[in-house]
Each structure stands twice: as C-alpha cells, then as structure tokens.
Amino acid sequence: MISMEDKETSYSEEEDQKSPLPFLEKKEKEDKAHGFSNGEEHWEESELEEELAGGGKMGSKDASEGGGDQSDSSMESLEHCLGDINNIQSMKSLDRICVLALQRNLKELNDIAREKELAVQKARDKLSTCQLQIKMLAKQLERVDIEIEREEEAGNVAALSRLQAMRRRLCTELENEKDFEFQIFLTLKENMLEMWQMETEQGKYEIFHEQLKKYEEELEMQYQERAKARIWKEKIAALQAEENQRSREKKEEEAQKEYEGKHKKMLEDAERNHKKAVCFLRKSMARIHEKNAKEEVKTQEHMERRIQAVLSLKTSITSNREKLRTLQVWNKAMAFEAKKQETQMREAILAKGGNVAKEIFLHKQLLEHEKEKQAHRERQKSRKIEIVSQILREKASIRKREKGQSCTKAIKGGGKLEDSLLWRMKTWQYIEKTCKRSAGARAQISKEEMEPKQLATRVEKKEILEKKMEEFQSGIFRKQIVSGRECKRRTFYSKPSCIHFKDFDVGEIYKKKIVLINASYSVNFFRLVGISEWLKDFISIHFNPPGKMSSGMSCEIVVTFKPMINETVEGEVMFMAQTGPFSVPLKCTAKRCILALDKELIDFGSHVVGETISRTINLTNSGALGTRFKVQTSAGDSSKCRATAKSSPGRMVTRHFSGCVPEKKVSNSLVTPVVEKKDQICADHGEETPCSAAQEEQQRAETSLSGGSTEGLGQDILNSRAGLDTGNAHDLVELSAEETPVEIMLGKVTEGEIGPFSSVKLQILFVPAIPGDVRAEFVIMFDNPDCKPLCFSAIGVSIDVPVWVPNPNVDLKICMYDRLYQDCIVIRSRAKATLRLKFEIRKELSKHMELLPKTGYIQAQSSFSVQLKFLPRHSLPEDAGSYFNEETRILEVPVTTLIGETAKKVNFTVHAIVTTSDLEISPARINFGYCTIYEAVQANVKLTNKSILPQEFGFVGLPEFVEIQPNDGLGILLPLESLTLDIIFKANKAKEYSFELTCKSEINRQFKLSCRAVGVHPPLELSHSLVQFAATALNSVSTATLYVINSHVSVNPVTHPVPRIGKGEVAPVGPTSFEFRVPEACPVTVTPSVGTVLPGKKSLIEVSFRPTLPDQQIREEAVRRLCRAAAAGAEIQKRKKDEKKEGKKSSISMSRQQSSRQLVRDGGNKYLTSLNSSEQPKSEELKPDSDAYMAAQAFLMRNFRGSFEKYIIPCFVASGRIDERKGSENLSCSPYNTLYLELHCPAVAPAVVVASDNGKNTVDFGDVAIGHRMMKRITIQNISPEKLELRFSVLNPNGPFLVVRPVEMLEPGESKPLVISFCPNENKWFFEMLDVRTAKTSLTLSITGHGVMPSIVCSVEEILNMGYVIAREKVTSTFKIQNTSMLTLRYSMQLDSLSSTRDKDQQRIPSFIMSSLQRTEFVGTQNYSGLSVFSIFPTEGEIVAGKSQDFTVTFSPDHESLYYSDCLKVVLFGKEIAHVIRLKGAAREHPMFVEGGVPLDVPIESLAVTSPPSSQEALNGELQEPAKSILLVLEYIEGESPPVPARAELKVGSIQTAQFASKKSVEFSLESLPLLQQKGFTIEAVKGTLERGQVKCIGVSWVPPADFRPDDPLLVTALLTLKGDIKETYQILFMGKVVSAYAPTK
C-alpha cells in the first residue's frame, strides 16, 4: 500500500518540473539578448582585424607609416562614436532600484500563488486516494461478511474467529479513512479559498506587470549601448597595442644589429689574442724543454757519478778481500809455527825431565803479557794521534774565524798569552800522562801547531760552544713534569720499532707504514728532521704533521724504499719532539742465502766389516735467495791414512784431520778454518793439546771478520797443508790409494740447487772394510760468493768378525698382541771354513719369541737364513722386564749368535712396538627410553681405537629399526682416534625393545653394545615432522601448513594399529586434544597452538617463521654507537675549548702559553673521560622505541649476513576435549605420547628495507578523525646488488588503508617513497599487513591507525541570546568549547549569514510562509551596511586533546530590529558540523523595550526600503508611530484541585547605554486596570520606574469569572505606556482560555 505522503512528494516534484519559475524565463531572455549582442561584437571585431591585416601587408617603411595614418583615423572615428554613446541619457539609479524591488515583490507573490495551487492539487490527490481506499475497504468488508456466513454454516469456529477479527480491523480502518477524508475535505476547502484570494491579489498587480516590462526593455537598451561602448574601447586598445608592437619590433631589430657588430668585434679581438698566446706558449714550451734537457743531463751525470762510486766501492771490496786472504794465510802460518815451537819446547822439557805443563803455562803467560804490553802501546799511540788531529782541526777552524776579525781584537787577545801558555802546558801534561810520553808523539807535532795562542783559543772556544749548546737545548727542549713526576723515558714509540725492508729487489718500490705513539705524560708534538745521509737516494718519507698530540694518540708515517743497488744498508729516521730528539732505526736487507746444517758430526757407531749403514744430514736455506751447492770431501782427505797401534792385534787407526779446505778448482767461495774441530777431535782421542796464544789470537781475528770472505785459497795454503802432513809422517803408516778403500762416502745427491726457504737431505754411507776407527771430513761449496763453505764430519768404528749380519737391527714395526709375526734374518760369513752358529734368545722372552733353527752351520763365504717368530702375549710387559718400555711400548731384544768354539759373538737387535687391538665403545649400554613410531631417537656413542695402528671397523647384522651414521657404521679409526657415532632408533610398533649391536674389527674381533627402548604409538600424528622454511628476510614471514591427524577409530589391535605405550593400555577412542609449546625467544608461531581432533578427522596447523635480530645484540650495538658519538662529541668540545683558550691567552708568551694549554687539556681529558664513564648508557636502559635502538637495528639489518637455526617444538597429546573455560587443566597427558616438530629456519638479509624513520617497519597513523584522510610517506631502499621488481599484497578493499603511490622498480642502492593513506570510517583501531614482495624476499609493513570520533562540549547548548542593545552599539559574549576526544581538533567557526550558498537558499520559499517545523533558515535581520551583525573570534584554529578554547561573539546592529538572528556552526576538519548555536539579539533606537507574550508582527522585515520622513513632517507632529500589539495568552486548567490561576508575565527593561545621558530612568504604566479586574485579570505591577540596565516583570494572573463561557475565549485590550527619551505605546491583548485537565491540548 502506497502512503499518502509518498504521493504528495511525487506530485510536488512533477509540479516543480512542469512549471518553471518566472525569473528563469527572464534569465533566458537576458541570455538570448546578450548572445545577440555578443554576435554583433564578434562580427565587428573580425571586420576590424581584417582592416588591420590589410594594412600590415604593405611595405616595411611605407606600410608602417600608412598603418599609423589609418590607426589615427580609426582612433578619431572611434572616439566620435563613443561621444555619441555617452550623450544617451541613461535610466536613473533610483528608478532601477524601484524596478528591482517591484520585480522581487511580484516574484514572491507569484511564488505564494503557485504554492497555494500546489497545496490544492495535493489535497485533491489525497482526497481521491482516500476515496479509493474507502471503496477498497468496503469491498473487503463485504467479502469478509460473505465468508463469515459461509463459515457459520460450516461450523468452523477457528476460521470464524479469525474472520471476525479481520472484520473488526476493517471496520476500524474504514472509520479512520472516513475521518481522514473529512479532514482532507476541510483542508481542500481552506486551500481553495486561499488560492482564490491570491488570484484576486494577482489581478490587482497587472498594471505593475506592464510597467515592469517597459522598465526591462529600457534596461535592455541601456545594456546594449554599454556593450557597444565597451567594444569600441577594446578596438581602440587593440590599435594602440598594435602600434606598440611595431615600435618594439623596430627597437629589437636595432638591438640585434648592434649585438652582431659587438660580437664580430669580440671575435676579431679573440683571434688576435689567440695568436699572441700561441706565440708566448711556444716560447714557454721551448724554455721548459730546454730546462728539462738540462735536468736530464744533470741526472745522467749524477747517475754516472754514483755508478763510478759503486764500481770504486766494488774495487775496494775486492782489494780488501785479497788483503784479508793474505792475512788469514799469514795467521795460519804463524799458528803452525807456534805449534811447531811448542812441540819442540815440549820435547826439550821432556828431555831435561822438567814439568811440561808448568813450563808451557809460564811461557804462555809471558807471551800474553808481552802481547798486552804491545797492544797498550798501540792504543796510546792511536790516542795521541787522535788528540793531535783534533787540535789541528780546531786550529784550522779558529783561523777561519779570525780572518774576518779586526786587528784590535787580535791585540786584545795578545794580553792573554800567559794564560794560553798555561793552558798549553796543562794540555801537554794530560797528553803525556795519557800516552806515557810516547817518543813518536812529539815528533809529529810541528812548531806551528805548538803556538800557545792558538791552543788557548781552541780551548776557550770549546768551552763557550758547550755553554751555548746547553743554553740552546735548555731553551728548545722541555722537561715534562706532571703531578711532580718527570718523564725520563722515551716520549714517542714506534710500531714497528724498526723499519725493516726484507729481501728487496732492485728496481721495485716498497712501502711501509709506521705508527708513532705519544707515550709522554701530556701533550707533545714533533717534526721530521730527516734520514741518514747515505739513505737519501733510496728512501722517501710521506709525513703530514699532525700538530699537537695528546697522550696516547698516534699518527701514521709512510716510508717508501726504491732500491738501486743490491746491498744491505742501515740507518735511521730522525725526528725532533718538544722533549728532545728521537729516531726510528731503518734497515734494508737484500736477498741472501742463510745456510745451515742440522748437525756437524755424524756418528755411525760400531759395525761389522761388510755392512752398509746410511745416515742423512739436512742442509737448510732460511734466506730468500737460492744458490747451487756441491758436496765434496775436504782437501785433507785426498790421501787416506790409517795408523795402527803396534801393541794390539786389532789396532786402532788414527788420522790427522786438517781444516776444511776447498779444492783449487772451486772459486768465489768462502772457507773457514776448523781449528775448533781439531781441538774437539784431539779431546775425543784423549790427547791434551794445549793451544798457544797465537792460536787464540787467530780464532779471535776470524770471528771478528764477519763481513769479510775469501773466494779461494792459493796454492801456498795447500803446500802448507801438505807440509803439515809430511811433518807428522813418522807417526803414521802411509797407505797407498789402491790399498785404502773408501769407507765413508757420499750418497746419490752430491750437488744441486737449493731454493729459498727450503732444505735438502744429503745421504752419507758407511761401508766398513778395515777394522778400526774411521773419520771423514766433507765440505759444501756454494756458487754464491757471499756464502761461506759449510763443513761436517763423519766417524765410525769397524769390527773385524768373520760372521756378520747385514741388517743388525731387525725392525718388526708395530705388532699386536696374540698375533704371529715372522721375519727372515740373513747371516753372512767371510771365513774360508765352515762355522757352527748357535742362536741365543733371552730367557725372559722365550714365551714370546723363537729362532728356528736354534743351531746351524754356515758354509765358507756364504749366507745362512734364520726364521724369527714373534707372538706377543698379554703377559709381555711383565715377562720382558727392562727390555720393554711400558710408556712407549717399545721392545728391544738383543739376540746373540755364538760362532763355533771361539768367544766371538755377533749381536743383532730385534725392535718392535707392541700395541693392543682393542676397540672401546663408550657407553657400553644405551637406553633410548620412550620413542614414538613417528620419530627417531638418536644416541651418541664414542668408539675409541686403543691401538697405535689404524683399524677398520663395521657394525654388522643391524636390525631394521636401527641405523648408524656416519657411513652406515663402517670406517677406519686412526691410532688412538675417537669417533662419535650416531645410533638412530626408530620404533616400528608399540612394544619393548632389547637388542645388541655387534662391531667387528678387521682382525675379526667382536665388540658388543647393549640397547633398550620402548616403542610408543601416540593417539595423534603429524602430517609432517620436518618443516624446511625458505630463506626468509628479517622481519618477513614465511608460513607452512601441516595437519594433526587422529586416525584412532577402533580398539581392535587385529584390524588397526592401536595407540599405546609399550605393552600398556590402549588409548580410548574419542576426541583427542593437542597443544604446541613454542620455546621462548623462538621466532616461530603455531596457529592454533591448542585444539581437539575428532576420530578420523584432522586439524589444519599453520606455522609462521618471522626472523628478527636478537634484542641483546641490538642493545649492544646501540651502546657502541652511543659511545662513539659521545667520544666524537667530547673531541669536538675539547677542540672548541682549546680554540677559545688559545684566543684568550694570545698575549701571553709562548712558553707560558704552551704550559697552560697542556694543563687545560689534561684537565679536560680527565673531565671528559670521567663524564663518559659516568654517563655511558647501559644496554638494559635503552627503550625499543628510542632513536638509538632503531638506528642500531637498521644498521645490523643492513649488515646481516644470514643465519640458520633449528628448532624442535613439542606437541603434547591428551585424550579428551579441552574445556574452553578451564583450558587444558582438566586433561592429563603422558609425556611419552609427545610429538615433535622440527623446523629448519634460514634467515637472510632483506633486499628492501625501510630507509625512513630509523628503519621502522611500523606505519602508525595515530589518532585520525573519522571521515578524514591522512597521508604518510615511507622511503624504501634496495640494499641488494640486483635490480628489483616490486609487488604489493592486496589490502582490504573495504578497509581504511590505501597504497596511493606504489613503487614498481628499484635499482641497486636506489630509494623511492611509498605513499599510504588512512581514512577511518569507524571509531576503533585498524591494523593491516602490507607485504612488499620481490623475487626472493619480502618486506612486511605493519600499518595501524585509530579512528576517533571527534567530540566537544560547549558551554552554550543551542541558543545564545545577546539581549537588547542600542542600534549602532556593540555587545560581546563569551562561551567555551572543550575537546573531550583523544586527538587535536582543527576547527573553524562558520556563520550562515556569510555562507557562500546563502544566495541560492534565498531563492526558496520564504520562511514566514512555511510552518515552524519546516523552517531550516535561521538567518534573520541583517545590517543595511552589508557588514555582519554577529562576528566571532577566533574563527579557526586547533584545540589540543583535553584542552578548551574561549570564543567571543560580538553583536553590532546598525538599525532597529527585534529579529536579529544567525546560525553559528562549529565545523571540525573543514567537513563535520560538531555543534550548532543559534545567535539572537534585538536592537532598539531608544533605551527601553518590552518582552514577552506572542508578537503579532511578522519576524521578517519588509523588502521595500522606506524613505525616512522629512524634517518638516516631524516638526509638525504629523508622524505618529502606531502602537505595537502583544498577545498575552493565559490558559486556566479546569478540574484541578485546588484550582490554580493561569499566570503569564511581561518584561519591561531599560538598556544600559551611554548615549542618552540626560534620561537616566524609564517610566512605564498600564491602563484599563478596572476592566481587567472585572474580567478576572490581576496585575502585579501597574506602574514603575526602571534604571539603566534594569528589567522588571509585570505578573498577570487570571481566574475565569462566573459568567465566562469556555467555548468563547476572553479577549481584553489594555495600553502599556513607556516614557524615556520618547513615549512608546504597546497594545496588550489579554486572552483567557479554559482548558480541561483531562483532555489533551493540541
């Protein structure tokens, strides 16, 4: 059913569309008229443009002149036309205002008539609709009556009651519709009456319509004329603009020509200057080339001089070597002569029978005394020579100084002759005492040198120089005294302490950096003085002076070395500090060979003739230069000599050992005599050979000559050696070369190349041939002339036995217990007969070792083999005794071979290292505990090899539920090695397990390992026990899904595997609960972590991995960064303080200034260090939202190198359902049913990071008002080396967040802004995650914001009444608005009178025509001046949360009106109207007013402007203001007990103002009092006086008189007179009504 109101609305809209307002028609006519005039204007403008274009096509100069003439003529014609137009008389402005007012009034009248027609039409429609509804209800009522009759006949009680209820409802509706029809009919009648009245009124104003049309036509003509005038003015302006354009073009042409001329002149000047510059440049280049050529010639000459110096140095070195070689030969000859004399002396003393030792000792003492005496003389002589030479040098310097002196100074100096003689005598006395009057000293001094004057002058000058040096040093160098302690140590230390360039190559460039550290007590500084003179050609130093350095500070110096000669040089780098000079040693070492032998004597021991024994000696080169070597026997061993003692048959052979002398054919090699070796060999043979003083001197001289070398010995040295051998020929038995076999010889390597930092093994063989002692000397020669030859010796003893063992040391290597080892021993015989051999083994080892056969015969000059069997038992350490070392487990058993009946024995030794073959398993037993069938339990065992031999092992016969890793339990154990094995047990069913694992070694030994376990079948299972996440960036999230499955649906163990623990009870069938317990500090989230799974069902689990940086690591990095920043700030403050103090103390002397700076800096350092130590932040005190914390987190994130972590999360299982209230407390779970989820979590550095806001990944918009939008800009940066293509996750399309400006591509290192907006629509918190995805990683941004409903509390609720005020005066009022929301509110105060849409609103139906319920316009009377009646301050601003703002409203009317009103709106954020205040006020021309009752006038002022009355009329008193009417309604309520009279009141007031100073009070009086009392009215105050600003109430009460009829309201009129500056009269209408207390009032 369509309601009546809807029909009314639709009908009104149709009417509005069909009948447009008249003013729209007028506007269309005006637009058409303007369009026509605009068309004429465009036609005239185009015609004028054609004329101008035609004029522009003439010649350049003539055209411009012609155009000027035309423009002048056109200008004259246009001015003439304008003059004609101005002569037209226009309509007066007053007439135009009257026309507009008339038009406005007629428009309002037409609008009212149209509204009445519309109301009539609506009423008719309502009436027709109501009549249709009545007909329809009547038909329904008839239909229901028929059905009631039918159901009564059928006897259906239920249907009958339903139909009767329907009939009652239809009857009620029908009655209501009829009543509504009657009301509509009355309304229609009233509306038609009003419509007819309005039509009658319209007929009265037809004359005004015609006048209005005439006025409009006149206005249209005026508008057209004005348009023509405007067009002609525009044409004049166009012509003037064209003329100006031509003049500008002419000026531009002239300026262009002038510019071209200047430019041409500039080009000519530039070309001329260029020629001069080229000429000068050629001359300069020629001078530069000439200078470079001269410098190059100088450089070549300098290099030639240096080359000559190097060659001369080489020549001198060669000559020195020759001299040194000769000196060495002489020393050796002298040593030989001394030894010969000593031998002769010994023989002579023995012949005389004296004490040889004593005589030789005394002789040696005498020789030493003579030698010391001679040395003392030489020292005296050298000191004399030094003193005399110093005197001569000083004399020469004094002569140079005295040449420039005057003669007078020379005369004055003559007076000191006696003193100089005294000085001379003292000097010579000292020389004589020191040198013991050497005879040759005085002979060397000439008479000229002995002049007394010169000698005295020298001594005096020397003293003066020393004093001056002391004063100079005391002035420059300062002692550092801090806290009473003087710094006496070195003030600067160098790291490294020595600048050493090792193993350089000529032509290369080497650089080294050294650090100089101030080790003094306070501030110090230094400068570079230089380097050693002989290093300046090779060394350059790069040094930037650091200035003043605090204690402990350091600076760097770079030393560059460019070698030009291949020689070792040494020097120093010299510096000068404030406390004195210091230097850093510098050393440049060329590549050289540093050769050495690991031993100088090889002792072969005693061996049987016929054996071959081998030994090795290592030659090591620890230098950077390689060389070629050659090993050979020394020259003394060229003839092999043996001496046998005559007393014994097996006589000992003695050889004479000479020094290590190289062969003649080897040149450029160094040789050192082996005097010490001779003494050592003599001592070995028990011969005491005392050394003479000459030999000691010879050794001392050889050791002192470190830099010297000899290239080869001459033939005279060899002859002297040969002489030595022939001199001792009477003690030796000489053997020929054919008879003497070579027993000690070199191996395969006798020569070769030894590289830098390498070693070579040299083999020496000993083959004994003749019984006796044998010694051989060898020398190693080198091609490098700087390398001295190296000598070593080899000795051995040969034993003459007919039977020998070629291998006297039988090495069985490493043997194990209870294992049999065999070896074959070969015995050889050189006898010419058969010999019987008997083998004997020590009795202690008879159980372990055996020789077969025990007795045998060896044929002549043949060999015999013996079988050795060795079976070590575990009792070997006890049985062997001293032959077995338990610590080293080495067995050495001597075996004796008896030869025939003789006492000769041949021994050989059996060596073996005996070890065990055990493998130890620790622990020996393993209990795996409870293990579910869905997981594997791992136990670690350590397998240790107790043997010193490697052993293979393997676990064999493993059950199917056991696995051993690594390598499936197979492998090799090195000696004494321990290997950790993983025993992995995985139960296949729920039962108890007990088994053994067998480990076998390679010799088939078995080792057992016992194992126990209990298999568990849990009620639940996981679909995946291992989750491997992809590489996840920091603060990103990776997710994985799995299922918790409940497959337990039956307790029958035959058909289904049932869950149980070992052999325990079967778990019940039903819902089973689970709970995941994630460890603390684990970046993993399991959702849901708690749940219940029904039998046969599964539950989805989501595992999220979000890697983050450790909190402690971030805090430590933040503390480090804060400490560095504090140190930098302290350094800056220190520098500023130093600069300030230096500026304040600039007038003080340098010494005081430096000391004061040091003290200030020391104090500042101490203060800063104490401050930093006390204020150093602690990592626990840092807040996660602090800037330091966020900066450290961003830094670590950028430098993150990745990590990989493993986490194992337990899942507890319990039978039953989890109660939501109690949680899992009501369930009991067994720890043996626990499931485990293993997670592999790799974390990597993000490719994209947030570069703004210290790297925060959270975008917090904070509090935002609902309906408002806020933008935030986040800068993201690509920190990866690749170009990234970005994708974004989809935000909630219905949510408040929006990505305004996404980023598509990021270059490496590029940063771009990402703009996100937030516009909340509800009062709540919003949170979303935005993923910035790349190909590999993603960046997650957490976006949050709080939508807040802005709320305010105003001290004024709805209406602010400004009261009464005198016109053209002002009054103010203040109210307060408080912000009760949580965000800062941005407000603006808007008045409806100043609204931009007020003009449109005024086109609507006037408010006084509408009913009070339909009125929305609150703007009342306004000022005539156009200024706003009401004003407010401030008009806009912000109110902080919880604060309030005071506002001041000013009311300033400019004419009298009682209906000043306006609407004040409080608008928040420029959109939402939070509060509306109606502003009211009244203005009077006179200082009195009456308020109350019901006003009978219209609250809207007349649209017509009434002209003020003339002064003449006012003087004649013809103007009388009519009385104003006020209706005072009193309603008496009948039926109340006790009866209460009806009450009402009027307010009479006087306005507070300063305008009417003469009239201080206002009088009022009310007339017709008897009549009012007769009608039942009672007046409380009839007369009275009012002071300024006072208001009085006139109370009126009414009780109906006896003759009052309720159906006829009582109306009584009385006059209220006010007397102030004028007299005003008000007509008060007292209306009395009687209202029933039980009837509702309408």
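Scroll up to find the structure.
Residues numbered from 1 in each chain as written. Predicted model: local features only at pLDDT ≥ 70, side-chain atom pairs only at ≥ 80, totals over all residues. Heavy atoms only, no water.

S.K.: Mind showing me how you'd approach the sheet that holds strand β6 (residues 526–531) here?
M.R.: Backbone-to-backbone hydrogen bonds pair the strands of a sheet. The strands run either parallel or antiparallel. With mixed pairing, the 4 strands of this open sheet are ordered in space as β4-β10-β9-β6. A single partner strand is all that each edge strand has here, and the edge strands are β4 (499–504) and β6. In this sheet, neighbouring strand axes are inclined to one another by 20 degrees on average, regardless of whether the strands run parallel or antiparallel. Direction of pairing for β4 relative to strand β10 (residues 580–590): parallel, over a ladder of 5 bridges. For His 500, the partnering residue across the bridge sits in β10 and is Lys 587. (Pairing = 2+ DSSP bridges. Helix = DSSP H or I, 4+ residues; strand = E, 2+ residues; numbered from the N terminus. Axes fitted to C-alpha atoms, helices over the stretch in contact; angles between N-to-C directions.)

S.K.: Looking at this structure, how should I read the environment of Glu 1485?
M.R.: With respect to the helices and strands, Glu 1485 occurs in the loop between β70 (1472–1484) and β71 (1488–1491). Looking at Glu 1485, the relative accessible area reads 26%, which means it is partly exposed. Sequence-wise, Glu 1485 and Arg 1368 are 117 residues apart; in three dimensions their C-alpha atoms are separated by 8.8 Å. (Buried < 20%, exposed > 50% of the residue type's maximum accessible area, 1.4 Å probe, protein only.)

S.K.: It is not clear to me how helix α6 (residues 206–352) should be interpreted in this structure. Could you clarify?
M.R.: Side chains that are three or four residues apart share a direction in an α-helix, a result of its 3.6 residues per turn. In this model, α6 (147 residues) spans only 189 Å end to end at C-alpha, well below the 219 Å of a helix rising 1.5 Å per residue. Once α6 ends, the next one or two residues include Gly 353, with phi positive near 85 degrees. (Expected span 1.5 Å × (residues − 1).)

S.K.: Explain the side chain of Thr 1421 here, please?
M.R.: Positionally, Thr 1421 belongs in the loop between α19 (1398–1401) and β66 (1430–1433). A distance of 3.2 Å separates a polar atom in the side chain of Thr 1421 from a polar atom in the side chain of Ser 1457. (Polar contact = N/O pair within 3.5 Å; in protein donor to acceptor, adjacent residues only side chain to side chain.)

S.K.: Any chance you could explain the sheet that holds strand β53 (residues 1258–1265) here in plain terms?
M.R.: With respect to topology, 4 strands assemble into an open sheet ordered β53-β61-β60-β56, the strand pairing being mixed. Each edge of the sheet is formed by a strand with only one pairing partner; in this case those strands are β53 and β56 (1287–1288). With 9 bridges connecting them, strand β60 (residues 1325–1333) and strand β61 (residues 1338–1348) associate as antiparallel partners. Bridging from a neighbouring strand, Phe 1326 pairs with Gly 1345 of β61.

S.K.: What is the right way to look at the packing of aromatic side chains in this model?
M.R.: How two aromatic rings sit relative to each other is set out by the distance from centre to centre and by the angle between their planes. Taken as a whole and assessed by the stated rule, the structure comprises 34 aromatic pairs. Note on Trp 1598 and Phe 1604: the rings are 5.4 Å apart at their centroids and 80 degrees apart in plane angle, and the pair reads as edge-to-face. No difference in accessibility class separates Trp 1598 from Phe 1604, as the two residues are buried. Members of the aromatic cluster, joined through ring pairs, are Phe 492, Phe 526, Phe 543, Phe 575 and Phe 582. Of note, Lys 1098 hangs over the ring of Tyr 1043, and the distance from its end group to the ring centre comes to 4.3 Å. Geometry around Phe 1195 places Arg 1121 over its ring, the cationic atom sitting 5.1 Å from the centre. (Phe/Tyr/Trp six-rings, centres within 6.5 Å; stacked < 30°, edge-to-face > 60°. Lys NZ or Arg CZ within 6 Å of the ring centre and 35° of its normal.)

S.K.: Looking at this structure, how should I read the pattern of salt bridges?
M.R.: Where charged atoms from two side chains of opposite charge approach closely, those side chains can pair. Per the stated rule, a full pass over the model turns up 34 salt bridges. Here Glu 290 ties to Lys 294 by a salt bridge, and the two come within 3.8 Å at their closest N and O atoms. Placement of both Glu 290 and Lys 294 in helix α6 is noted, with a separation of 4 residues, approximately one turn of the helix. Glu 290 sits in the partly exposed class, given a relative accessible area of 46%. Among the ionic pairs, Arg 321 bridges to Asp 786, the shortest N-O distance being 3.9 Å. (Salt bridge = Lys/Arg side-chain N within 4 Å of Asp/Glu carboxyl O.)

S.K.: In this structure, what is going on with the nonpolar core? I would like to understand it.
M.R.: The tendency in soluble globular proteins is for nonpolar side chains to be buried as a group. By size, the foremost hydrophobic cluster in this structure holds 38 residues, and its most contacted members are Phe 1076, Val 1084, Val 1103 and Leu 1239. Secondary structure elements with two or more residues in this core: β44 (1038–1045), β46 (1072–1076), β47 (1084–1087), β49 (1098–1105), α16 (1111–1144), α18 (1187–1198), β50 (1203–1215) and β51 (1235–1244). Excluding residues within four positions of it along the chain, Val 1084 makes contact with Val 1078, Val 1103, Ser 1104, Phe 1105, Tyr 1207, Ile 1209, Leu 1239 and Cys 1241. If you look at the next biggest cluster of nonpolar residues, it comprises 35 residues, including Val 803, Tyr 817, Ala 831 and Val 866. (Core = buried A, V, L, I, M, F, W, Y, C linked by side-chain atoms within 4.5 Å. Contact = heavy atoms within 4.5 Å.)

S.K.: Mind showing me how you'd approach a negative patch on the surface here?
M.R.: A contiguous patch of negative charge, built from Glu 242, Glu 249, Glu 252, Glu 253 and Glu 254, is present on the exposed surface. Along the chain, the position of Glu 254 falls in helix α6. (Patch = residues over 30% accessible without salt bridge, like charges linked within 9 Å, V, L, I, M, F, W, Y side chains within 5 Å. Areas by Shrake-Rupley, 256 points an atom, 1.4 Å probe, with all protein chains shown as cover. Lys, Arg positive; Asp, Glu negative; His and termini not counted. Charge placed at Lys NZ, Arg CZ, Asp CG, Glu CD.)

S.K.: Sorry if this is basic, but what is going on with a nonpolar patch on the surface here?
M.R.: Together, Phe 182, Phe 185 and Leu 186 line one region of the surface with nonpolar side chains, adding up to about 310 Å² of accessible area. Checked against the element boundaries, Phe 185 lands in helix α5 (residues 157–204). On the accessibility criterion, Phe 185 (45% relative accessible area) is partly exposed.

S.K.: I tried to follow the pairing of strand β39 (residues 992–1001) on my own but got confused; where do I start?
M.R.: For a regular strand, the rule is simple: side chains alternate between the two faces of the sheet. Direction of pairing for strand β35 (residues 951–956) relative to β39: antiparallel, over a ladder of 4 bridges. From the neighbouring strand, Val 956 faces β39, where its bridge partner is Thr 998. Pairing analysis gives 9 bridges linking β39 to strand β40 (residues 1006–1017), with the strands arranged antiparallel. Following the sheet pairing, Tyr 993 is matched in β40 by Ala 1013.

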